Amino acid sequence: MTWFVQASLVNEPFSDPGLLIDFRFGRRALLFDLGDNTPLSPRQLFRVTHALVSHAHMDHFAGFDRLLRVCLHRTTPLRLTGPAGFGDRVEHKLKAYTLNLLDERSCDFVITVAEFGDYGVDGVCEFRAREAFRRRAIQHVGLPPGTLLDEDEFRISGAVLDHGIPCLAFAFEEKVRVNVWGEGLKTLGLPIGPWLKEAKRAVRRGEPDDRRIAVGGDRSLPLGVLKQHALRSATGQKIAYVVDVAYCDRNVEKIVALAKAADQLFIEAAFLEADAEIAAQRRHLTARQAGDIARRAGVARLVPFHFSARYHAREDELRTEAARAFGE
Ligand SMILES: [Zn+2]
Ligand SMILES: [Zn+2]
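Every value quoted in this text rests on a predicted model; they were computed, and no experiment measured them. (Residues numbered from 1 in each chain as written. Chains lettered and ligands numbered in written order. Predicted model: local features only at pLDDT ≥ 70, side-chain atom pairs only at ≥ 80, totals over all residues. Heavy atoms only, no water.)

### Examining the overall build of the protein chain
For step 1, the next point in the chain: A tally of helices and strands in the protein chain yields 11 helices and 18 strands.
For step 2, the next point in the chain: For a compact globule of 328 residues, the expected C-alpha radius of gyration is about 20 Å, and the protein chain comes in at 22 Å, within 12% of that figure.
For step 3, the next point in the chain: Principal-axis analysis of the C-alpha atoms gives the protein chain an extent of 70 × 55 × 35 Å.
For step 4, the next point in the chain: The proportion of buried residues among the 328 residues of the protein chain is 50%.
For step 5, the next point in the chain: Restricting to contacts in the protein chain with at least 6 residues of sequence separation, those with at least 24 account for 63%.
For step 6, the next point in the chain: Accessible surface, the protein chain as shown: approximately 15900 Å² in total, 50% of it carbon and sulfur.
For step 7, the next point in the chain: Taken together, the 46 basic and 44 acidic charged side chains of the protein chain have centroids lying 6 Å from each other. (Helix = DSSP H or I, 4+ residues; strand = E, 2+ residues; numbered from the N terminus. Rg over C-alpha atoms; globule rule 2.2 N^0.38 Å. Buried < 20%, exposed > 50% of the residue type's maximum accessible area, 1.4 Å probe, protein only. Contact = heavy atoms within 4.5 Å. Areas by Shrake-Rupley, 256 points an atom, 1.4 Å probe, with all protein chains shown as cover. Lys, Arg positive; Asp, Glu negative; His and termini not counted. Charge placed at Lys NZ, Arg CZ, Asp CG, Glu CD.)

Right, dumping it as structure tokens:
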């Protein structure tokens, strides 16, 4: 089955954390965290429609400037999400620049910023290039608590964790994946066309088999028939991302729930268990703790990263410790 998105770390594991989720179709990408993003090409950054920032420590937010610079002259909006107070952070970043060259004739580049708290998205503001990025509050559509983003083909859930400050963790979840089977279309004598989009959407929504789908011309067919002959569905991919959290029951519980049965869990493993005390002081995880959480969440693949620079020559130890606790 072809992939829908591909997730890859922006940097090697001792550098700033960040995950690029690249879409196979639609020239689109998402970013989890905005630390150093120099390994990404301008072309890759230009595709980013949403950047979700766990918290505003520099290693997670210093790359905002480069993203802004690359996207400044595009018409597609950039949507940012971060923890409580994130609107202020973005506003301060924007205010740091001299923007006298922006006016009502500028390209209408829009940045929206959503703050995500325990009860979901609460508070959205907007900055428009044509208004020299003056902040204005805007109404937002209500999403269920725990949901950051909900689109036709995927949703992103979030959890607020404790890192001494609120820190967000994310789970990208593809909805039921529907593929078209060309032979089946031929058998039914159906053309490829825009109607397929509606049919796929109906499958993802779990609509009944007797729902009629217009298939072009005056023809329509029951969804059940299409499912039987031409549409193949399977569960989609789930990718979870967790950084900078203290190892405490409440955090672990929330991570296990968020990352449950994920195909891939990208999780910080900043310290070795031998330095658990330092990890606790700095409210970070050890490799053993990361592996243990991954095992409890029943994920298929564990990717430890965000290693402390002190272990530069000991990367294998971090990986082995995490893998052991995970049960590999
Ligand atoms: Zn941090
Ligand atoms: Zn960090």
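### Quick word on the sheet that holds strand S7 (residues 120-128)
For step 1, the next point in the chain: Spatially, the eight strands line up as an open sheet ordered S1-S2-S3-S4-S5-S6-S7-S8, and their pairing is mixed. Two strands in the sheet have a free side with no partner beyond their single neighbour: strand S1 (5-9) and strand S8 (135-138). Strand-to-strand twist in this sheet, taken as the mean axis angle between neighbours without regard to direction, amounts to 20°.
For step 2, the next point in the chain: By the bridge criterion, four bridges tie strand S2 (residues 19-23) to strand S3 (residues 29-32) in an arrangement that is antiparallel. Residue pairing across strands places Leu20 opposite Leu31, the latter belonging to S3. (Pairing = 2+ DSSP bridges. Axes fitted to C-alpha atoms, helices over the stretch in contact; angles between N-to-C directions.)

### With respect to the domain arrangement of the protein chain
For step 1, the next point in the chain: Here the protein chain is partitioned into domain 1 (5-174 + 236-324) and domain 2 (177-234).
For step 2, the next point in the chain: Across the boundary between the two partners, domain 1 contributes five residues, which contact four residues of domain 2.
For step 3, the next point in the chain: Summed over both sides, the interface of domain 1 with domain 2 buries roughly 390 Å², with 28% coming from carbon and sulfur.
For step 4, the next point in the chain: A per-residue breakdown of the area domain 1 buries against domain 2 is headed by Asp152, Glu174 and Gly236, which together make up 79% of the total.
For step 5, the next point in the chain: At the boundary of domain 1 and domain 2, one finds two salt bridges.
For step 6, the next point in the chain: The closest approach of N and O atoms between Asp152 and Arg201, which form a salt bridge, is 2.7 Å.
For step 7, the next point in the chain: Put simply, domain 1 and domain 2 have four residue pairs in polar contact (both at pLDDT 80 or more) between them. (Domains from an automatic or database assignment. Buried area = accessible area lost by both parts, 1.4 Å probe. Salt bridge = Lys/Arg side-chain N within 4 Å of Asp/Glu carboxyl O. Polar contact = N/O pair within 3.5 Å; in protein donor to acceptor, adjacent residues only side chain to side chain.)

### Digging into the pattern of salt bridges
For step 1, the next point in the chain: Under the counting rule described, the total for this entry stands at 26 salt bridges.
For step 2, the next point in the chain: Among the ionic pairs, Glu207 bridges to Arg205, the shortest N-O distance being 2.9 Å.
For step 3, the next point in the chain: Ionic contacts of the salt-bridge type, sharing partners, join the residues Asp152, Glu198, Arg201, Arg205, Glu207 and Arg211 into one network.

### Details of the coordination of the zinc ion (ligand 1)
For step 1, the next point in the chain: At the metal site, the zinc ion (ligand 1) is ligated by His55 (NE2), His57 (ND1), His163 (NE2) and Asp244 (OD), and these contacts range over 2.2 to 2.3 Å.
For step 2, the next point in the chain: Coordination at the zinc ion (ligand 1) comes from four donor atoms whose angles at the metal span 88 to 166°, giving a geometry best classed as irregular.
For step 3, the next point in the chain: Counting along the primary sequence, the residues that act as donors to the zinc ion (ligand 1) give the motif H-x1-H-x105-H-x80-D.
For step 4, the next point in the chain: The two metals, the zinc ion (ligand 1) and the zinc ion (ligand 2), are separated by 3.8 Å and share Asp244 as a common coordinating residue. Here His163 lies in the loop between strand S10 (154-162) and strand S11 (166-174) and His55 lies in the loop between strand S4 (48-52) and helix H2 (58-61), a separation of 108 residues in the sequence. (Donors = N, O, S within 2.8 Å, 3.2 Å for Na, K, Ca; no water. Tetrahedral: all angles 85-135°; square planar, octahedral: opposite > 155°, others 65-115°.)

### Some remarks on the coordination of the zinc ion (ligand 2)
For step 1, the next point in the chain: At the metal site, the zinc ion (ligand 2) is ligated by Asp59 (OD), His60 (NE2), Asp244 (OD) and His306 (NE2), and these contacts range over 2.1 to 2.3 Å.
For step 2, the next point in the chain: Because the angles between the four donor atoms bound to the zinc ion (ligand 2) fall within 85 to 150°, the donor set is best described as irregular.
For step 3, the next point in the chain: Sequence spacing of the donor residues for the zinc ion (ligand 2), all on one chain, is D-H-x183-D-x61-H.
For step 4, the next point in the chain: Judged by its relative accessible area of 22%, Asp59 is partly exposed.
For step 5, the next point in the chain: On the accessibility criterion, Asp244 (2% relative accessible area) is buried.

### Side note on the nonpolar core
For step 1, the next point in the chain: Judged by nonpolar contacts, the single largest core of 34 residues is most densely connected at Leu161, Val242, Leu265, Ile267, Ile293 and Val299.
For step 2, the next point in the chain: Of all the secondary-structure elements, those providing two or more residues to this core are S10, S11, strand S16 (238-242), helix H8 (249-259), strand S17 (264-268), helix H10 (287-297) and helix H11 (315-326).
For step 3, the next point in the chain: Setting aside its immediate chain neighbours within four residues, Leu161 contacts Pro166, Cys167, Ala169, Val242, Val245, Asn251, Lys254 and Ile255. (Core = buried A, V, L, I, M, F, W, Y, C linked by side-chain atoms within 4.5 Å.)

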